Amino acid sequence: MRPRFLTRRAIQLALTANALRPVPGVRASVPAFFAGWLTGELAPHLLALTAADTAAHLARHGARSVPDRVGVGLAAASAAGLGSLIVTSQRARGAVEDALAEALGPEYVADLSRPPDAKDLATPWGQLVLPFRMRNRDVRRDRNLAYAPGGKRFLMDIYRPREPVEGRPVLLQIHGGAWMIDSKDHQGIPLMLHMAQRGWVCVAVNYPLSPKARWPDHIVGVKRAVAWIREHVHEYGGDPSFLAATGGSAGGHLAALLALTPNDAGLQPGFAEADTSVQACAPHYGVYDFAATSGSPASKQRLHGLLARYVVGKDPVRFLDDYIAASPLDRITEKAPPFFVIHGAHDSLVPVREAREFVRRLRETSEQPVAYAELPGAQHAFDVFPSIRSAHVVRGVERFLEWTYLRWLRDQRG
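Residues numbered from 1 in each chain as written. Predicted model: local features only at pLDDT ≥ 70, side-chain atom pairs only at ≥ 80, totals over all residues. Heavy atoms only, no water.

As named in an unreviewed UniProt entry, the protein is Alpha/beta hydrolase, taken from Amycolatopsis deserti.

Next comes the structure, spelled out in structure tokens:
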């Protein structure tokens, strides 16, 4: 048992070190992400397990041998590192609030229907004990509604208040997964449950996936979902005239592109007359440099290694215009809706400089507010399940969406 204790503590310390400072390099990006993501977001749980494991070992065996003492030392180092990760996670609250105050104005909370109180801004520890148990008794979920023919890739779920509502703003959630995997069932759940509890109607969609589907089938599917929402969401209590979009990773790319290409006939075959505009966008750790026009090495690697082979299926040199047409970084106009871009400073899969450049160009061109929160210590996919960091992000996104919606309502009423 003593060698096993030492091995467990060594592995935990390695995982903690990677979460604090992810292993660099393209080849290491995927394992560095998975190890850092789970360790960072589950740091309180891992700290408790480390303490319990060490206490149990000391109670049974003491610290008489060299491996025992080394294992205890490794446990102490892990505990210090995990404590640092917890403190860094808490900094998301300030990063989010500073981003909103900078973009919307320092007194923006006065424009909210219910300014946040101390409870809203505090870490909801009770919700974090069982992070994978994501339920809310005040929210109803309507499952597997077809928004277009074609099977399960054209299904959506609607999250709405359990008590009937009318004319409520709508949030569209687009899942990530490298345009190739996953579904509406696994991402954005904490945000949708939170928003639905507060009266919003939230729609999570599937869309066609590669390699079976080729670009632009993905965004065409999302726009078909928007067309369905415009026509039918009132049946579920939503207001079809106000729609915000969000999503992470590939979903962040699709949400941003959706926001920047309203009513683009080339992306709406057979439904060009549909209104596919959105009134706000909050992409998380999105892919913005689809065509690698920024010259970033990471973007070039993604372009040639993933997008050209599996997603688009075309030579990016001969068909560069097709990639540019799919790139949010290259589709920015002055008519972009309000944006709240959120990205982790330690993102191994989509380096943070991609988000910085997207925000820089948005702010240069857009007539609307552009908020940007760069989260200290955050990896990719930090919002998939409830954590210290994701809780503060969810509440910040709520404030952004609520502010944007209320401002839109005032403009509609003149």
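Tallied over the full model, the rule gives 19 aromatic pairs. Look at Trp215 and Phe290: their rings are 5.4 Å apart centre to centre, the planes differ by 40°, and that puts the pair in the tilted class. Of the two residues, Trp215 is situated in the loop between strand E4 (201-205) and helix H9 (217-232) and Phe290 in the loop between strand E6 (280-284) and helix H11 (297-311); the sequence distance between them amounts to 75 residues. Assigned by exposure class, Trp215 and Phe290 land together as buried. By the ring-pair criterion, three or more aromatic residues cluster together here, those being Phe33, Phe34, Trp37, Phe132 and Phe385. Taking NZ or CZ as reference, Lys314 lies 5.3 Å from the ring centre of Phe319, over its face. (Phe/Tyr/Trp six-rings, centres within 6.5 Å; stacked < 30°, edge-to-face > 60°. Helix = DSSP H or I, 4+ residues; strand = E, 2+ residues; numbered from the N terminus. Buried < 20%, exposed > 50% of the residue type's maximum accessible area, 1.4 Å probe, protein only. Lys NZ or Arg CZ within 6 Å of the ring centre and 35° of its normal.)

At a minimum axis separation of 4 Å, helix H4 (residues 66-90) and helix H5 (residues 92-104) run at an interaxial angle of 20°. Between H4 and H5, the angle is such that the two are roughly parallel. Between H4 and H5, the residues in contact are Thr88, Ser89 and Gln90 and Ala92, Arg93 and Gly94, respectively. A breakdown of the residues in the contact of H4 with H5 according to their chemical character gives one nonpolar, four polar and one charged. (Axes fitted to C-alpha atoms, helices over the stretch in contact; angles between N-to-C directions. Parallel < 35°, antiparallel > 145°, perpendicular 65-115°, else oblique. Contact = heavy atoms within 4.5 Å. Nonpolar A, V, L, I, M, F, W, Y, C, P; charged D, E, K, R; others polar.)

The subject of this paragraph is the nonpolar core. Counting 63 residues, the largest nonpolar core has Leu172, Trp179, Phe339 and Phe358 as its most contacted members. Considering each element in turn, this core owes the most residues, eight residues, to helix H10 (residues 250-260). Beyond its immediate sequence surroundings of up to four residues, Trp179 is in contact with Leu209, Ser210, Trp215, His218, Ala250, His253, Leu254, Val287, Phe290, Leu306, Leu307 and Val311. Judged by nonpolar contacts, the second largest core, of 56 residues, contains Leu46, Leu104, Tyr108 and Trp403. (Core = buried A, V, L, I, M, F, W, Y, C linked by side-chain atoms within 4.5 Å.)

In the structure shown here, the tally under the stated rule is zero disulfides. With no disulfide of its own, Cys202 lies 15 Å from the sulfur of Cys281, the closest cysteine sulfur. With a relative accessible area of 0%, Cys202 lands in the buried category. (Disulfide = S-S within 2.5 Å.)

In this section: the side chain of Gln187. Structurally, the position occupied by Gln187 is in the loop between strand E3 (168-174) and helix H8 (189-197). A residue is classified by how much of its surface remains accessible, and Gln187, at 11% relative accessible area, is buried. Setting aside its immediate chain neighbours within four residues, Gln187 contacts Gln173, His175, Gly176, Gly177, Asp182, Met192 and Gly248.

Close approach of charged atoms allows side chains with opposite charge to pair. By the definition in use, this model includes 21 salt bridges. The closest approach of N and O atoms between Glu398 and Arg198, which form a salt bridge, is 3.4 Å. Taken as a pair, Glu398 in helix H14 (residues 388-413) and Arg198 in the loop between H8 and E4 lie far apart in primary sequence, 200 residues in all. Several salt bridges share partner residues, and in doing so they unite Asp330, Glu357, Arg360, Arg361 and Glu364 into one network. (Salt bridge = Lys/Arg side-chain N within 4 Å of Asp/Glu carboxyl O.)

Another point: the environment of Gly105. Structurally, the position occupied by Gly105 is in the loop between H5 and helix H6 (118-121). The exposure class assigned to Gly105 is buried, which follows from its relative accessible area of 18%. Taking the C-alpha atoms as reference, Gly105 lies 29 Å from Asp289; in sequence the two are 184 residues apart.

Helix length check: helix H3 (residues 43-61), at 19 residues, gives a terminal C-alpha distance of 26 Å against a target of 27 Å (1.5 Å per residue), a fit within 8%. Trailing H3 by a residue or two, Gly62 shows a phi angle of about 70°, which is positive. (Expected span 1.5 Å × (residues − 1).)

Glancing now at the sheet that holds strand E2 (residues 155-161). Pairing within the open sheet is mixed, and its eight strands lie in the order E1-E2-E4-E3-E5-E6-E7-E8. Only two strands of the sheet have a single neighbouring strand rather than two, namely strand E1 (139-146) and strand E8 (370-375). With strand direction ignored, the average angle separating the axes of adjacent strands in the sheet is 20°. Of the pairings in the sheet, the one linking strand E5 (residues 238-248) to E6 comprises five bridges and is parallel in character. Residue Thr246 lies in a different strand from E6, and its bridge partner there is Ala282. Strand contacts of H8: E1, E2, E3, E4 and E5, with the helix running at about 40° to E2, the strand carrying the most contacts. Packed onto the sheet, H14 meets E3, E5, E6, strand E7 (339-344) and E8 and runs at close to 165° relative to E6. (Pairing = 2+ DSSP bridges.)

Another aspect to go through is the UniProt feature "domain: BD-FAE-like" (unreviewed entry) in the protein. Mapped onto this structure's residue numbering, the UniProt feature "domain: BD-FAE-like" (unreviewed entry) falls at residues 156-362. Segment residues 156-362 splits into 33% helix and 19% strand. End C-alpha atoms: 30 Å apart. (UniProt positions renumbered as here; feature names shortened; annotations may be inferred.)

With that settled, the discussion passes to the packing of H9 against H10. Here H9 crosses H10 at 65°, and the two axes come no closer than 10 Å. Of the two elements, H9 crosses H10, and the hand of that crossing is right-handed. Across the interface between the two elements, His218, Ile219, Val222, Lys223 and Val226 of H9 pack against Leu254, Leu257 and Leu258 of H10. Here the contact of H9 with H10 is composed, by residue class, of six nonpolar, one polar and one charged. (Left-handed = near helix turned anticlockwise from the far one by under 90°.)

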